[in-house]
Structures are given as C-alpha cells and as structure tokens.
Amino acid sequence: MSEQQQQLKRLVAAAALEYLRDGMILGIGTGSTVNAMLDQLVPWVPRLKGAVSSSDASTSRLRALGVPVLDLNEVDDLDVYIDGADETTHQLQLIKGGGAALTREKIIAAAATTFVCIADESKLVVQLGRFPLPVEVIPMARQLVARQLTEMGGRPVFRAGVTTDNGNHILDVHDLVIKDPVAIESDINQLTGVVTVGLFARRPADVLLLGTAAGVRRIDRVT
Ligand code: 5RP
C-alpha cells in the first residue's frame, strides 16, 4: 500500500470518529482502514461501553486498547457499525471479504442501525466485480459450490491457506458480471454449502466516507 493510500485511510478513519457517542457500543469491522481508525481510538476508550467485533484480528486489537469486546447476543441496540470495503458503488452497495471476515461483518451490518463505510477513493466503482467476489463456503462443499459459481459465469479461485474465523474456506470469484447485485447476492446465498457471499447489496452501507486527495467526501445512501 502506498503512503498516499495509507494517508487517505487515516483521513477517513478520523472522520469516522465523528459518529462515536459517549456510552456507545460500537460495531467494528476488519482490515487496514479499520485498523487506521483503531489507531486513533485511544481517547475514546474510556468513553465507550464496548465493541462488537467482526474478526479475531479486530478483537485482539480492541482488547489491546482496553475496549471491552461484547458478544452480539448480549447487545440489544447497536447504533453504529464502522467498516471498510473492497469496492463500493455510488449507491453504497459493497464487495467485502478481502480480509475473509465477511460473514461476521454481514451479521454486524444487519444488526446495526447505521453502517458507516470508510474507504479510500480507489474503492469507488461504477459496477461491482473488478475485485474478485469472496464467498465463504463450508469446506466439504467447496468444489460443489465452485462448479455452480462457474455455471453462473464466474471463475472461482480457492483462497489457499486461508481458514476463516468460522473454520470455513473462501472462494474468490473472478469475472462475474454483477449487473444486479441484489439478485446475485440472493442467488449465491441460496447455493447449498455457501455460508455468505461478500456482496452487501440487500443491506448496503448507509454512509460512505471516501478519502480523496481533496479531503473526505461523504455520500449518504438515498433511501
Ligand atoms: C475484510 C473486509 C475489509 O473491509 C476489506 O477487505 C477492506 O480492507 P482494507 O480496509 O484493508 O482495504 O471486508 O473482510
């Protein structure tokens, strides 16, 4: 990652802190942009009630900071979820899962009132799919699901050496034409053996904070 890209991540990470409130339980995603936010979280640590984490990696970082990490099952209201993305459209539909945390990320996004996506401007696209679409699969179903994804026009590639925090495998689907993200999300989720597809179209982000050379650009989802 270039120093410029890292700088943009720090910029949007700082802007995301504006969404924090005293006594809040915060949903936390996974990845380098989220890590840039966690690096700036220290002043907020005594003010937060806790966090719900989307990965073992983020949990370790939160614990190192002294933030109580809570089980989502113990949390009634999750006001804000902050996470990065691998790609985003102007409609705030996303591809996520480059860090293999897509299933827990999708669960927390579903539970949160407001999903704030933080990304540098390289992630903004007109149509999703240049970034290979991650699909988390039950290990014994990997080949079965791969054949079906091929029939759908994709080129699934097994992410060798990666086991998700849930003990599953990842297929990265190249060359898929994602014209209708909501339909493709549903179709892939229906395949037996799929745990989650990294398309966040049915539940997109609510706010996108985009790091650009000219500063932070905010895009609100039109409902
Ligand atoms: C992890 C994710 C990340 O949000 C996504 O990969 C973006 O990561 P980064 O902030 O490092 O660019 O979905 O599963």
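Note that the structure is a prediction, hence the values are computed from the model and not measured.

Asker: Give a detailed account of the site of the ligand, specifying residues and quantitative values.
Answerer: Near the ligand there are 17 residues, and of these S32, T33, D86, G97 and K123 occur at the shortest range. The separation between an oxygen atom of the ligand and a polar side-chain atom of T33 is 2.6 Å. The backbone of G84 places a nitrogen or oxygen atom 3.3 Å from an oxygen atom of the ligand. Starting from 380 Å² of accessible surface for the ligand in isolation, the protein chains cover 91%. Within the shell around the ligand, the residues separate by chemical class into 3 nonpolar, 8 polar and 6 charged.

Asker: Give a description of the pattern of salt bridges that names residues and reports values.
Answerer: When the charged atoms of two side chains lie near each other, side chains of opposite charge can form a pair. If you walk through the whole model with that rule in mind, you get 12 salt bridges. Two residues, E105 and K96, come together in a salt bridge whose shortest N-O distance is 3.1 Å. Each member of the pair E105 and K96 is classed as buried. Close ionic contact of E185 with K106 constitutes a salt bridge, the shortest N to O distance being 2.7 Å. With E185 in helix 6 (residues 181-189) and K106 in helix 4 (residues 102-111), the pair connects residues that are 79 residues apart, well separated along the chain.

Asker: Tell me about a nonpolar patch on the surface, residues and numbers included.
Answerer: On the surface, I138, M140 and V195 cluster together into a nonpolar patch covering about 310 Å² of accessible area. If you trace the backbone, I138 turns up in the loop between strand 7 (133-137) and helix 5 (142-151). Overall, I138 belongs to the partly exposed group, its relative accessible area being 38%.

Asker: Which residues make up unusual backbone geometry, and what are the values?
Answerer: With a phi close to 70°, L92 is a non-glycine residue in the positive phi region. Positionally, L92 belongs in the loop between strand 4 (87-88) and strand 5 (94-95). At A100, a position not held by glycine, the phi torsion is positive, near 70°. Along the chain, A100 falls in the loop between strand 5 and helix 4. Judged by its relative accessible area of 11%, A100 is buried.

Asker: Give a description of the pairing of strand 12 (residues 207-212) that names residues and reports values.
Answerer: Where burial is concerned, most of strand 12 is hidden: 6 out of the 6 residues are buried. What you see with strand 12 is no split at all: V207, L209 and G211 on one side and L208, L210 and T212 on the other are buried throughout. The hairpin formed by strand 12 and strand 13 (residues 215-220) contains 2 residues between the paired strands.

Asker: Tell me about the domain arrangement of the protein chain, and please be specific about residues and values.
Answerer: Domain annotation for the protein chain reports domain 1 (3-125 + 202-220) and domain 2 (133-197). Distance between the C-alpha centres of domain 1 and domain 2: 24 Å. The partner domain 2 presents 19 residues to the 14 residues of domain 1 that form the contact. Of the roughly 1,300 Å² buried at the junction of domain 1 and domain 2 (both faces included), carbon and sulfur atoms supply 51%.

Asker: Tell me what's going on with the sheet that holds strand 3 (residues 78-83), and back it up with residues and numbers.
Answerer: Strand pairing in a sheet takes place through backbone hydrogen bonds and is either antiparallel or parallel in direction. Read from one edge of the open sheet, 6 strands run 2-1-3-6-12-13, paired in mixed fashion. Either end of the sheet is taken by a strand with one partner, and the two such strands are strand 2 (50-53) and strand 13. Direction aside, neighbouring strands of the sheet carry axes that sit 20° apart on average. The sheet contact formed by strand 12 and strand 13 spans 6 bridges and is antiparallel. Residue pairing across strands places G211 opposite V216, the latter belonging to strand 13. Helix-sheet contacts for helix 1 (residues 3-16) involve strand 3, strand 6 (112-120), strand 12 and strand 13, and the interaxial angle to strand 12 is about 145°. Along the sheet, helix 3 (residues 56-65) makes contact with strand 1 (25-28) and strand 2, crossing strand 2 at roughly 165°.

Definitions and limits used
- Residues numbered from 1 in each chain as written.
- Predicted model: local features only at pLDDT ≥ 70, side-chain atom pairs only at ≥ 80, totals over all residues.
- Heavy atoms only, no water.
- Near = heavy atom within 4 Å.
- Polar contact = N/O pair within 3.5 Å; in protein donor to acceptor, adjacent residues only side chain to side chain.
- Areas by Shrake-Rupley, 256 points an atom, 1.4 Å probe, with all protein chains shown as cover.
- Nonpolar A, V, L, I, M, F, W, Y, C, P; charged D, E, K, R; others polar.
- Salt bridge = Lys/Arg side-chain N within 4 Å of Asp/Glu carboxyl O.
- Buried < 20%, exposed > 50% of the residue type's maximum accessible area, 1.4 Å probe, protein only.
- Helix = DSSP H or I, 4+ residues; strand = E, 2+ residues; numbered from the N terminus.
- Patch = residues over 30% accessible without salt bridge, like charges linked within 9 Å, V, L, I, M, F, W, Y side chains within 5 Å.
- Pairing = 2+ DSSP bridges.
- Domains from an automatic or database assignment.
- Contact = heavy atoms within 4.5 Å.
- Buried area = accessible area lost by both parts, 1.4 Å probe.
- Axes fitted to C-alpha atoms, helices over the stretch in contact; angles between N-to-C directions.

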